[in-house]
Amino acid sequence: MRKLMLCLFVSISLLSGSNTCLAHPHIFITPRAHFAFSDTIFTFFSVRWYFDEMSTIEFIGPEAMNATLSLSASQQKEILTLEGFPRPAQLANYFRVEIDGSAVAAFAPAAVSLTVDEGRLVYSFTIGIYRPVKKVVKIWFNDRSNFIAYETRSGFFTTSQLKGPAPPLTILSEQYVDRITITR
Amino acid sequence: MKLRITSILLLALFIYGLAIATPALFSQAEAKPLVDTISQQVSDVFRHNALLVQLTKLQQGLNKDIAMKIKDLKQGQDPLLLVSLVVMSFIYGIVHAVGPGHGKSIISSWIIAQQRKLRTVIFVAGLAAATHALSATLIVGGTYVLLGKFATVSTQKLNAYLQIAAAILVIGIGLAMLLRLLHGRFSQNQSDPGREAPGLWARPSIVALSIGVVPCPVTSVVLIFCLTLGLIWQGLLLVLSFAAGMGVSLIAIAFLVWSCKEKITPKKLAGFHHVVTHVLPAIGGIFLVAIGSAILYSLL
């Protein structure tokens, strides 16, 4: 019994650790996105990540408080080099796309833009997919390091269809992850 | 005999962990994908854990509410609003420190390896939380005083160097434990390593410093938010409350580990003397070296 307890609490000690100091969320993002379809093809989705107010002030400065601003190219470039901030070339690490149960290697966006909307930093980008869909598409956002936590709320996502009615969208929780599920 | 086999297996596991964390034992091409895979698996365990998901959601709600109330505080002079903010910050600190990180594995390893009184263990946990918040406060305040703004890019570079320093400290503490153990084993005077006067590296303050030298990013953002609104002493009060909350979590976990160790290894039974004086310090030392190496590798 004692040996078991020894192994148990050493294991607990192991699990309470992390190989980085950034294993718990410090930035909270509320994503909003629009998903576009053309008949059976999932063409693209455009994303806006709304950062929490306190992180916005840290990244931008006092001028961002309750403000709506455009950021200069140099400001955007400086922010994109910050530790823990998702860089354009690494954006594919922050979301997952599954079509009919198979993971899709999404393309990196050509460009991203940063603005401030009512005191919150907004990180915008568009991802091209151009894949046929038979039944269902699932998209979710996550950060492997857990430095960023995403709050996926229904009502913040829309779909459009070039031909016919827009496919319905729901938020389903699977393995404690909120996945945006679009069915044809 | 069975305990020795179990101990050897545990040691082997830690040595394997050390080997994985040390890129010199593998080629760079092999080491990084292997560490990334393990990191992904560990991250998946954390992410797909119901408790940790709930902790994250709770932190998100607290973060939003605190930001809203701080802005309201700027508008009005309601003293109850400040009290509610202090309480919320305290709870935020408790919840934040319960999640992964904040040196719990480092403190646990040190407790396992050393024979310390409860008050020393509590002191280390409390001091770690306090320095974790204090370092962030000093950096935020210092850069604002010196540069007149919150120089985020420069601050992050400084944070990176401090994380490297912390990783080196953790490795040093682990190596010092192992060296003392080996020295005690091979010296003519077979003294109890756990009861000798602690060397510099095993001192409680050094252990606390290795955790606290890394600034707490949440403390930074809360303080910057308050300073931006001109709420200086209120910001410091919230940081103090947040640090107190973190201290409660770290002290509770340190007490739990210490209690478990005291119950599992009763000093009265001769059979456990070897475990307490040699096996556990070896486990703790190896684990500290492994985790420090892993942190250093992830930063470089």
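Keep in mind it's a predicted model, so treat the numbers as computed, not measured.

Asks: Explain the overall build of chain A to me, and be specific about the residues and the numbers.
Replies: Secondary structure assignment for chain A yields three helices and twelve strands. Within chain A, the proportion of its 184 residues that are buried is 51%. Taking the contacts inside chain A whose residues are at least 6 apart along the sequence as the reference set, 68% of them involve residues at least 24 apart. For chain A, the exposed area adds up to about 8400 Å²; of that, 55% sits on carbon and sulfur atoms.

Asks: So, the overall build of chain B: which residues are in play, and what are the values?
Replies: Broken down by element type, chain B carries eleven helices and zero strands. Of the regular secondary structure in chain B, the N- to C-terminal order runs α-α-α-α-α-α-α-α-α-α-α. Looking at chain B as a whole, 54% of its 300 residues are labelled buried. Considering only residue pairs separated by 6 or more positions, chain B has 79% of its internal contacts joining residues 24 or more positions apart.

Asks: A description of a nonpolar patch on the surface should follow, citing residues and the corresponding values.
Replies: All names here are of chain B. Where nonpolar side chains cluster on the molecular surface, the patch consists of Leu80, Val83, Val87, Phe90, Ile91 and Val248 and spans about 500 Å² of accessible area. For Phe90, the position within the fold is in helix α4 (residues 79-98). By relative accessible area, which is 30% here, Phe90 ends up partly exposed.

Asks: For the sheet that holds strand β4 (residues 95-99) of chain A, give the residues involved together with the corresponding values.
Replies: Residues and elements named next belong to chain A. Pairing is antiparallel in the open sheet, where five strands are placed in the order β5-β4-β8-β12-β11. One side of each edge strand has no neighbouring strand; the edge strands of this open sheet are β5 (102-104) and β11 (169-174). For this sheet, the mean inter-axis angle between neighbouring strands, taken without regard to orientation, is 30°. Pairing of β4 with strand β8 (residues 136-141) involves five bridges; the strand directions are antiparallel. When the bridges of β8 are listed, Arg96 appears paired with Trp140.

Asks: Could you give an account of the side chain of Asp52 of chain A, with specific residues and numbers?
Replies: By the element assignment, Asp52 of chain A lies in the loop between β2 (41-51) and α2 (53-60). For the buried Asp52 of chain A, which has no salt bridge, the nearest side chain bearing the opposite charge is Arg120 of chain A, at an N-O separation of 7.2 Å. A polar contact is formed between the side chain of Asp52 of chain A and the side chain of Ser55 of chain A, at a distance of 2.8 Å. Those residues in contact with Asp52 of chain A that sit more than four places away from it in its chain are His26, Ile27, Phe28 and Arg120 of chain A together with Asn63 of chain B.

Asks: Hey, could you go over the pairing of β11 of chain A for me, with residue numbers and the actual values?
Replies: Residue and element names in this part refer to chain A. Bridge count for β11 against strand β12 (residues 177-183) is six bridges, and the pairing is antiparallel. Looking across to β12, one finds that Leu169 is bridged to Ile182. Counting the residues that bridge the hairpin from β11 to β12 gives two residues, and of these Gln175 lies at a positive phi of roughly 50°.

Asks: Now, about unusual backbone geometry: what can you tell me, with residues and values included?
Replies: Its identity as a non-glycine residue notwithstanding, Asp39 of chain A has a phi of 60°, on the positive side. Mapped onto the fold, Asp39 of chain A is located in the loop between β1 (27-38) and β2.

Asks: Go over the packing of helix α6 (residues 118-147) of chain B against helix α8 (residues 204-212) of chain B, please, and point to the residues and values.
Replies: All names here are of chain B. Running from N to C, α6 and α8 point in directions that differ by 35°, and their axes come no closer than 8 Å. As α6 packs across α8, the resulting crossing turns out to be right-handed. Residue-level inspection shows Thr120, Phe123, Val124, Leu127, Ala128, Thr131, His132 and Ser135 of α6 in contact with α8, the latter providing Pro204, Ser205, Val207, Ala208, Ile211 and Gly212. Of the residues assigned to the contact of α6 with α8, the class counts are eight nonpolar, six polar and no charged.

Asks: How would you explain the pairing of β4 of chain A if you had to name every residue and give the values?
Replies: The side chains of a regular strand alternate, first on one face of the sheet and then on the other. Residue and element names in this part refer to chain A. Here β4 shows a clear split, with Phe95, Val97 and Ile99 buried on one side and none of Arg96 and Glu98 buried on the other. Two elements, β4 and β5, share three bridges in a ladder whose sense is antiparallel. Residue Glu98 lies in a different strand from β5, and its bridge partner there is Ala103.

Asks: Lay out α2 of chain A in plain terms, naming residues and giving numbers.
Replies: All names here are of chain A. Within α2, eight of the eight residues are buried, which leaves it mostly tucked inside the rest of the structure. The N-cap residue of α2 is Asp52: its side-chain oxygen and the backbone nitrogen of Met54 are 3.3 Å apart. Downstream of α2 by a residue or two, Gly61 has a phi angle that is positive, lying close to 120°.

Asks: Describe the confidence of the model for chain A, and please don't skip the residues or the numbers.
Replies: Mean pLDDT for chain A: 84, with 88% of residues reaching 70 or above. Throughout residues 13-23 of chain A the model reports pLDDT below 50, and contacts reaching past four residues in sequence, or to other chains, amount to 32 contacts.

Asks: An account of the environment of Gln115 of chain B is requested, with residue identities and associated values reported.
Replies: Residue and element names in this part refer to chain B. Positionally, Gln115 belongs in the loop between α5 (104-113) and α6. Using a relative accessible area of 15% as the deciding quantity, one classes Gln115 as buried. Between the alpha carbons of Gln115 and Thr277 there is a distance of 8.3 Å; along the sequence they are 162 residues apart.

Asks: Now, about the packing of aromatic side chains: what can you tell me, with residues and values included?
Replies: All names here are of chain A. Summed over all chains, the structure comprises 19 aromatic pairs over all chains. Each ring, one from Phe42 and one from Phe45, has its centre 6.1 Å from the other, and the planes form 20°; the classification is stacked. Given a relative accessible area of 0%, Phe45 falls into the buried group. Sitting over the face of the ring of Tyr50, Arg32 holds its NZ or CZ atom 4.5 Å from the ring centroid. For Arg32, the ring lying beneath its charged end belongs to Phe156, and the centroid distance is 4.1 Å.

Asks: Got a sec to walk through the side chain of Asn63 of chain B? Specific residues and values, please.
Replies: Turning to its location among the elements, Asn63 of chain B is positioned in helix α3 (residues 50-75). A relative accessible area of 2% places Asn63 of chain B in the buried class.

Asks: Help me get a handle on the pattern of salt bridges, residues and values and all.
Replies: For the coordinates displayed, the defined rule picks out six salt bridges over all chains. For Glu53 of chain A, the salt bridge goes to Lys71 of chain B, with nearest N and O atoms at 2.5 Å. On the criterion of chain membership, the pair formed by Glu53 of chain A in helix α2 and Lys71 of chain B in helix α3 is interchain, its members lying in two chains. Summarising the burial analysis for this pair, Glu53 of chain A and Lys71 of chain B share the class buried. Residues Lys64 of chain B and Glu151 of chain A are paired through a salt bridge, measuring 3.4 Å at the closest nitrogen-oxygen approach. With one member in each of two chains, Lys64 of chain B in helix α3 and Glu151 of chain A in the loop between β9 (148-150) and β10 (157-161) form a pair that bridges those chains. Among the residues examined, Lys64 of chain B registers a relative accessible area of 37% and is labelled partly exposed. In the salt-bridge network here, residues are joined through shared partners; they are Lys138, Glu174 and Arg179 of chain A.

Rules and cut-offs
- Residue positions within a chain follow its written sequence, with the count starting from 1.
- The order in which chains are written sets their letters, starting at A; the order in which ligands are written sets their numbers, starting at 1.
- Whole-chain, interface and lining totals are the exception, using all residues; otherwise, since this is a predicted model, local features are given only for residues with pLDDT of at least 70 and side-chain atom pairs are given and counted only at 80 or more.
- The side-chain quantities take in all heavy atoms of the structure and omit both hydrogens and water.
- Helix and strand assignments follow DSSP, with helices taken as H or I runs no shorter than four residues and strands as E runs no shorter than two, numbered in order from the N terminus.
- The buried label goes to any residue with under 20% of its type's maximum accessible area, the exposed label to any with over 50%, and the partly exposed label to all in between, with areas taken from a 1.4 Å probe on protein chains only.
- Working rule for contacts: check all heavy atoms of both residues, and any pair within 4.5 Å makes them a contact.
- Per-residue and other accessible areas were derived by the Shrake-Rupley procedure at a 1.4 Å probe size, with only the shown protein chains allowed to occlude residues.
- Only residues whose relative accessible area exceeds 30% and that form no salt bridge enter a patch; like-charged residues are grouped when within 9 Å of one another, and nonpolar side chains (Val, Leu, Ile, Met, Phe, Trp, Tyr) when within 5 Å.
- We count a salt bridge whenever a side-chain nitrogen from Lys or Arg sits within 4 Å of a carboxyl oxygen from Asp or Glu.
- Being paired, for any two strands, means DSSP has found at least two bridges between them.
- Working convention: axes come from line fits to C-alpha atoms, limited for helices to the stretch in contact. Angles between N-to-C directions cover 0 to 180 degrees.
- Only four residue types enter the charge count: Lys and Arg as positive, Asp and Glu as negative, with His and the chain ends excluded.
- N or O atoms closer than or at 3.5 Å make up a polar contact, with two conditions inside protein: a donor-capable atom paired with an acceptor-capable one, and, for residues adjacent in sequence, both atoms drawn from side chains.
- Crossing handedness is defined as follows: a turn of the near helix away from the far one that is anticlockwise and smaller than a right angle gives a left-handed crossing, while the clockwise case is right-handed.
- All residues other than Ala, Val, Leu, Ile, Met, Phe, Trp, Tyr, Cys, Pro, Asp, Glu, Lys and Arg, Gly among them, are scored as polar; the first ten of these are nonpolar and the last four charged.
- What pLDDT expresses is the predictor's confidence in each residue, scored from 0 to 100.
- Each Phe, Tyr or Trp ring (for Trp, its six-membered ring) is paired with any other whose centre lies within 6.5 Å, and the angle between the two planes then decides the class: stacked below 30 degrees, edge-to-face above 60, tilted in between.
- Two thresholds decide whether a charge sits over a ring: the Lys NZ or Arg CZ must be within 6 Å of the ring centre and within 35 degrees of the ring normal.

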